[in-house]
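These are the residues of each chain, in order.
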Amino acid sequence: MQKYGGTSVANIDRLKKVAERVVKTKQKGYNVVVVVSALGDTTDELVKKAHAITPNPPEREMDVLLATGEHVSISLLAMAIEALGQSAISFSGPQAGIVTDTAHTKAKIMDIRADRLVDELKEDKIVIVAGFQGESFEQNITTLGRGGSDLTAIALAAKLGAERCEIYTDVDGVYTTNPRVVKEARKIPVISYAEMLEMAATGAEVMQLRAVEYGRNYDVEIHVRSSFNEEEGTVIKGEDEMTEQPIISAVTFDTSQAKVTIQRVPDRPGIAASVFGSLAEANVNVDMILQNVSEKGFTDISFTVDENDLVKAKEVVQQVTDDLDAAGSSYDNGIASVSLVGAGMRTHPGVAARMFSTLAENKINIEMISTSPIKISCVIRRERMEDAVRALHQAFSLEKNPT
Ligand code: ADP
Ligand code: ASP
Ligand code: MG
């Protein structure tokens, strides 16, 4: 199983290179299934077009629109492979039997009816499947959330019992932080699902979060590598198969969140349940939550949401503010979160303290904190994000090989 991301097929020359790589794999005697993303920035451009028409496009139509990107790339790739003398056949997500729930723009895969793909593989064809899309029970086209081609590939790898799932992208593998921000970042040879999950959840877009989750649940060994060279990439696998783990594996950051504050909410049981219950009903994911100390029976509640969900969140918060008789609400787009991820944190105290003092030394104010057993995240001002990432990467010596 191989998956090629948007940058790997950004133009016709690159697409031809991908075709060559696929053919080479086939010639080594493998049955090859290829998942491909839309060419270059196609998906972003389609989103922009929709927003030029209306700020809140119907999600069903959004999915019909976005799915076209991957249609273009599967057909072109099939042609490029045929031009090299190998037989290939392309399938859209619905044709490949990818059945999803009805949550448009972030649908979940419920079933894969892969008989047709298996038949074509038996015919010795290279099978090409459009990433990021499926068909709901209601026979609508759905998409699997941004970066969703990763999920298509991993789910198909699990279903077809593939030996491994190779994710080809524009970097050599998973790095200790985004190599575009810190040039000293180092490639991580092996990383556990648990750490990769935290990295994806805290902003490392190199792998889609839900794809890693699926890989862990079905124990699919994932190889992240470059489509431009032959370097060994990063292997993502179960923690129990790993020999040693560094204290800190990576620094991640996320600038796609916004902070919402509801002011002077009555401090009594059931309030948080009502606020976050209403947000969940509206399908708004909440990340960090902070409830301030109560003063005279009132408190402020702050939380972060995905910026894309801000319009929906505002509607809910307005309603909740009225219902609870809170003083008002405010929204802050100028935040970023920076996180440290590492399985060794569990057994090494002091990581949080060192993170906070590193930020303090750099005069970076911490606005919110959240932790998991293998992750610490801080919300800071967005304009200090890159400084924070560099400082933390250096403070935890991530540019050096782990000793
Ligand atoms: P594709 O189009 O192949 O799916 P993505 O843009 O989704 O590629 O993911 C690759 C990008 O992820 C890289 O170009 C890099 O900028 C970014 N990235 C963020 N964090 C990391 C990290 N820790 N290691 C490697 N790449 C990272
Ligand atoms: N083309 C989709 C996106 O840009 C899916 C993907 O690339 O994985 O999000
Ligand atoms: Mg991606």
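Because the structure is a prediction, the values reported are computed rather than measured.

(A) Geometry of the overall build of the protein chain. Scanning the protein chain for helices and strands turns up 11 helices and 20 strands. On C-alpha atoms alone, the protein chain measures out to a radius of gyration of 22 Å, which is about the 22 Å that the 2.2 N^0.38 rule sets for 403 residues. Seen through its C-alpha atoms, the protein chain measures out along the principal axes to roughly 75 × 55 × 35 Å. Relative to its 403 residues, the protein chain shows a buried fraction of 51%. Look at the contacts in the protein chain between residues 6 or more apart in sequence, and 74% of them connect residues 24 or more apart. Here the protein chain has roughly 18900 Å² of accessible surface; of this, 48% comes from carbon and sulfur atoms.

(B) Expanded view of the pattern of salt bridges. Throughout the structure, instances matching the rule amount to 21 salt bridges. In this structure, the salt-bridge partner of R113 is D111, at a minimum N-O distance of 3.3 Å. Shared partners join several salt bridges into a network, and the residues in it are K259, D332, E367 and R381.

(C) Just the pairing of strand 18 (residues 335-341), in detail. Across the 7 residues that make up strand 18, a large majority, 7, are buried. Here strand 18 shows two buried faces, one formed by I335, S337, S339 and V341 and the other by A336, V338 and L340. Here strand 13 (residues 250-254) runs beside strand 18; their pairing, made up of 5 bridges, is antiparallel. Residue pairing in the sheet places D254 in a bridge with S337 of strand 18.

(D) Highlighting empty space enclosed by the protein. Inspection of the entire model under this criterion finds 1 cavity of 30 Å³ or more. The volume enclosed by the largest cavity comes to roughly 50 Å³. Lining the largest cavity are D254, T255, S256, Q257, D287, M288, T304, I335, A336, S337 and V379. Of all the elements in the fold, those that place two or more residues in the lining of the largest cavity are strand 15 (286-291) and strand 18. Per-element tally for the lining of the largest cavity: the top contributor is strand 18, with 3 residues. Broken down by class, the residue content of the lining of the largest cavity amounts to 4 nonpolar, 5 polar and 2 charged.

(E) Here's a closer look at the site of ligand 1. Every one of the 19 residues lining ligand 1 counts as a neighbour, but T169, D170, Y175, N178 and R180 are closest to it. N178 is positioned with one of its side-chain polar atoms (N or O) 3.0 Å from an oxygen atom of ligand 1. Between ligand 1 and R180 there is a distance of 2.5 Å, counted from an oxygen atom to a side-chain nitrogen or oxygen. Here ligand 1, which alone exposes 570 Å², has 87% of that area covered by the protein. When its residues are assigned to classes, the shell around ligand 1 shows 8 nonpolar, 7 polar and 4 charged.

(F) Looking closely at the packing of aromatic side chains. Tallied over the full model, the rule gives 3 aromatic pairs. Relative to Y218, the ring of Y214 lies with its centre 4.6 Å away and its plane at 20 degrees, an arrangement referred to as stacked. A residue pair is termed a helical-turn pair when its members lie 3 or 4 positions apart in one helix, as Y214 and Y218 do in helix 7 (residues 209-218) at 4 residues. By relative accessible area, which is 18% here, Y214 ends up buried. Across the ring face of F298, the terminal group of R264 is positioned such that the distance to the ring centre comes to 4.1 Å. One residue, K314, lies across the ring of Y331, its end atom 4.9 Å from the ring centre.

(G) Region of the structure containing the packing of helix 6 (residues 193-201) against helix 7. Here helix 6 crosses helix 7 at 165 degrees, and the two axes come no closer than 8 Å. When the axes of helix 6 and helix 7 are compared, the pair comes out roughly antiparallel. The chirality of how helix 6 crosses helix 7 is left-handed. Between helix 6, through Y193, M196, L197, A200 and A201, and helix 7, the contact on the second element is made entirely by L209, V212, E213, G215 and R216. Tallied by class, the residues present in the contact of helix 6 with helix 7 amount to 7 nonpolar, 1 polar and 2 charged.

(H) Spotlight on the sheet that holds strand 15. As summarised here, the arrangement of the 4 strands in space is 15-16-14-17, forming an open sheet in which the pairing is antiparallel. Looking at the sheet topology across the chains shown, the edges are occupied by strand 15 and strand 17 (328-332). Direction aside, the axes of adjacent strands within the sheet are offset by 20 degrees on average. Relative to strand 16 (residues 298-306), strand 15 runs antiparallel, the two sharing 4 bridges. Its bridge partner being in strand 16, Q291 is matched across the sheet by I301. Together, strand 14 (257-266), strand 15 and strand 16 form the strand contacts of helix 8 (residues 271-281), whose direction differs from that of strand 16 by roughly 25 degrees. The strands touched by helix 9 (residues 310-324) within the sheet are strand 14, strand 16 and strand 17, with strand 14 carrying the most contacts at an inclination of about 5 degrees.

(I) Up close: the site of ligand 2. The full set of residues close to ligand 2 is S37, T43, E70, F132, R146, G147, G148 and S149. S37 is positioned such that a nitrogen or oxygen atom in its side chain is 3.1 Å from an oxygen atom of ligand 2. Here an oxygen atom of ligand 2 sits 3.4 Å away from a polar atom, N or O, in the main chain of G148. For the shell around ligand 2, the residue count by class is 1 nonpolar, 5 polar and 2 charged.

Cut-offs used in this document
Residues numbered from 1 in each chain as written. Chains lettered and ligands numbered in written order. Predicted model: local features only at pLDDT ≥ 70, side-chain atom pairs only at ≥ 80, totals over all residues. Heavy atoms only, no water. Helix = DSSP H or I, 4+ residues; strand = E, 2+ residues; numbered from the N terminus. Rg over C-alpha atoms; globule rule 2.2 N^0.38 Å. Buried < 20%, exposed > 50% of the residue type's maximum accessible area, 1.4 Å probe, protein only. Contact = heavy atoms within 4.5 Å. Areas by Shrake-Rupley, 256 points an atom, 1.4 Å probe, with all protein chains shown as cover. Salt bridge = Lys/Arg side-chain N within 4 Å of Asp/Glu carboxyl O. Pairing = 2+ DSSP bridges. 1 Å grid on protein atoms, 1.4 Å probe; cavity = no way out; pocket = protein on both sides within 12 Å on 5 of 7 lines; lining within 4 Å. Points joined across faces, edges and corners; volume = space filled by probe spheres on them. Nonpolar A, V, L, I, M, F, W, Y, C, P; charged D, E, K, R; others polar. Near = heavy atom within 4 Å. Polar contact = N/O pair within 3.5 Å; in protein donor to acceptor, adjacent residues only side chain to side chain. Phe/Tyr/Trp six-rings, centres within 6.5 Å; stacked < 30°, edge-to-face > 60°. Lys NZ or Arg CZ within 6 Å of the ring centre and 35° of its normal. Axes fitted to C-alpha atoms, helices over the stretch in contact; angles between N-to-C directions. Parallel < 35°, antiparallel > 145°, perpendicular 65-115°, else oblique. Left-handed = near helix turned anticlockwise from the far one by under 90°.

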